Amino acid sequence: MLDADMFWNRIIPALNEGLLLSLSLIAPSSVIGFVGGVLVGTLRVYACSPLRRLADAYVAVFRGIPLLLQLYFLYYALPKWGIRFSAYQAAVLGFILCSTAYQSEHVRGALLSIRQGQIKAACALGFSAVDMILYIVIPQAVRRALPGCGNEVIYLIKYSSLAYVLTFIELTGQAKELTARTFHYIEIYFTAGMYYLAMTTLASWALDRLEKKCRIPGFGVQR
Amino acid sequence: MTTHITSGSAVLEARGFCKSLGGKRILNDVSLRVNKGEMKVLIGPSGAGKSTFLQCINYLIPPDEGVLFLNGTPVAPSVKRELYALRERVGMIFQDFNLFDHLTVQENVSIALVKVKGMNRGAAALRAMEELERVGLSRRASVYPAQLSGGQKQRVAIARALAMDPEVILLDEPTSALDPELVGEVSAVIRELARGGMTMILATHQMEFARALATEILFMDRGEIIERGAPAELLASGGNTRTRAFFCKLAAEEGAC
Ligand SMILES: Nc1ncnc2c1ncn2[C@@H]1O[C@H](COP(=O)(O)OP(=O)(O)OP(=O)(O)O)[C@@H](O)[C@H]1O
Ligand SMILES: [Mg+2]
């Protein structure tokens, strides 16, 4: 049996440590992944042909290859070419590249949904193409993309556990190591699961608040 | 170097505009000049090319051929700076308003002042309120477009164009998308502008409006201007013009003529 002392003084502190490391993966990956998604999504809709095709190709590659394989490549293959990352760096880089690709899909769809008439109106007022995109199209597209992008962040919270295979001992890694030493599979995996559930619930709540904060009367409802 | 000199003091002149789209000739050698304070009214059947012509004037649709003169100076729209400057000086009102959905009424009017004219935010906000006052909407300044009626949206769009201090305003069927009971409030604003000496080019199906306000009516069909003249001339009773025939057909639908 698992006694309380073991649970509170060994397992919980170790999982907490793992949780912090998980957060250190998720926070930069989700923020940079979102910004990257807006950038790449915008390029895919508005950039001139070579740049646009490059962005399309990037998304095709990073959406089309398993993330696990990408992580292995970053961490184990690149050193053969003299490019070395720590486990943490490789994981965050892999997550950012992947998240950017997925986020750009949501942003691209939202950009394309902005009414052509507003773009015409901005041009007719003398807006440059860049200002039109920055001040008229993107603020609306980001609002439209928010639910999809939020979903992507929830996924990221869960796939951050893949960092474990690069020897970065985050939450899942900690749980795995604890079970190997204590054999309390049920309790440890259950508790780690609760940690993830808490993170995703909290993220959902925060994203919901953000959506409400950005809400504009009548906007996006009529679709 | 070639120099183009236009006679008189036309605020805007479009000379020899041609445009093909999808292999079809939409505009065929259309020309128009408008002097300060004049209102030119484009009428004609659906598909005649009125919208295309108006959008060629500010190069939202680049014409295949033709030169545009502003105050006698030809515009070179291939130079980005000149293109933006042209659009700043030529306002445009669309059939379906095209307000910016994510901005309040006041921001809709002020954003171009800030981003295009480089005005500071405070001054732009004040200017926006002045223009909203002019179209009777200063009390709706902080709501969003979705909360307005069609007539109110169009008045905001007019305020947005006026705030830029344009030399000419192009209006593409500004009342066609409105419920009948809302046409009056927008027409009243346009009439007020005409009275105030604003130079305008208006495409419309509202014939009574055209008759009352136009300096000149231009009748378009299949990408060409077929008739042009003062309303009294083209619409004189007993006259035998395409314009009059068109007018009577529209009026018959409304039970007049
Ligand atoms: N992108 C396009 N490609 C091909 N044809 C087009 C395109 N845009 C417009 N046209 C055609 O050009 C013609 C003129 O259209 P336009 O909208 O200028 O007419 P209009 O006089 O404004 O008509 P309405 O009174 O219905 O507004 C129409 O026959 C239309 O089908
Ligand atoms: Mg039209």
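Refer to the preceding data block for the structure.
Everything in this summary refers to the structure shown in the same document. (Residues numbered from 1 in each chain as written. Chains lettered and ligands numbered in written order. Predicted model: local features only at pLDDT ≥ 70, side-chain atom pairs only at ≥ 80, totals over all residues. Heavy atoms only, no water.)

### Things to note about unusual backbone geometry
Move 1: Within the chain, Thr167 of chain A stands out as a residue other than glycine whose phi angle is a positive 70°.
Move 2: Structurally, the position occupied by Thr167 of chain A is in the loop between helix 6 (129–159) and helix 7 (171–182). (Helix = DSSP H or I, 4+ residues; strand = E, 2+ residues; numbered from the N terminus.)

### Describing the packing of aromatic side chains
Move 1: Evaluation of the coordinates by the stated rule reveals 11 aromatic pairs over all chains.
Move 2: A ring pair is formed by Tyr88 of chain A and Phe168 of chain A, whose centres lie 5.5 Å apart and whose planes are at 45°; its orientation type is tilted. Of this pair, Tyr88 of chain A sits in helix 4 (residues 87–113) while Phe168 of chain A sits in the loop between helix 6 and helix 7, and the two are 80 residues apart along the sequence.
Move 3: The exposure class assigned to Phe168 of chain A is buried, which follows from its relative accessible area of 12%.
Move 4: Ring centres 6.5 Å apart and planes at 70° place the aromatic pair Phe127 of chain A and Phe100 of chain B in the edge-to-face group. With Phe127 of chain A in the loop between helix 5 (116–124) and helix 6 and Phe100 of chain B in the loop between strand 6 (90–93) and helix 3 (105–115), this residue pair bridges two chains.
Move 5: Looking at Phe127 of chain A, the relative accessible area reads 1%, which means it is buried.
Move 6: For Phe100 of chain B, a relative accessible area of 0% translates into the label buried.
Move 7: An aromatic cluster is present here, built from Tyr72, Tyr75 and Tyr76 of chain A joined pairwise through their rings.
Move 8: For Lys115 of chain B, the ring lying beneath its charged end belongs to Tyr135 of chain A, and the centroid distance is 4.0 Å.
Move 9: Sitting over the face of the ring of Phe100 of chain B, Arg160 of chain B holds its NZ or CZ atom 4.6 Å from the ring centroid. (Phe/Tyr/Trp six-rings, centres within 6.5 Å; stacked < 30°, edge-to-face > 60°. Buried < 20%, exposed > 50% of the residue type's maximum accessible area, 1.4 Å probe, protein only. Lys NZ or Arg CZ within 6 Å of the ring centre and 35° of its normal.)

### Focus on the pattern of salt bridges
Move 1: Applying the stated rule across the entire model yields 20 salt bridges over all chains.
Move 2: The closest approach of N and O atoms between Glu105 of chain A and Arg63 of chain A, which form a salt bridge, is 3.6 Å. Here Glu105 of chain A is found in helix 4, whereas its partner Arg63 of chain A is found in helix 2 (residues 49–64), with 42 residues between them in sequence.
Move 3: Residue class for Glu105 of chain A comes out partly exposed when judged on its relative accessible area of 24%.
Move 4: Of the residues examined, Arg63 of chain A reaches a relative accessible area of 40% and is grouped as partly exposed.
Move 5: Put simply, Glu208 of chain B and Arg211 of chain B hold a salt bridge, and the shortest N to O gap is 3.7 Å. (Salt bridge = Lys/Arg side-chain N within 4 Å of Asp/Glu carboxyl O.)

### Here we look at the nonpolar core
Move 1: Leu12, Leu42, Phe53, Leu68, Ile158 and Ile201 of chain B are the most contacted members of the largest nonpolar core, which has 108 residues in total.
Move 2: The greatest single-element share of this core, amounting to 8 residues, is contributed by helix 6 of chain A.
Move 3: Counting 19 residues, the second largest nonpolar core, distinct from the first, contains Ile11, Ile12, Ile154 and Tyr196 of chain A. (Core = buried A, V, L, I, M, F, W, Y, C linked by side-chain atoms within 4.5 Å.)

None of this, on its own, says anything about what the molecule does.
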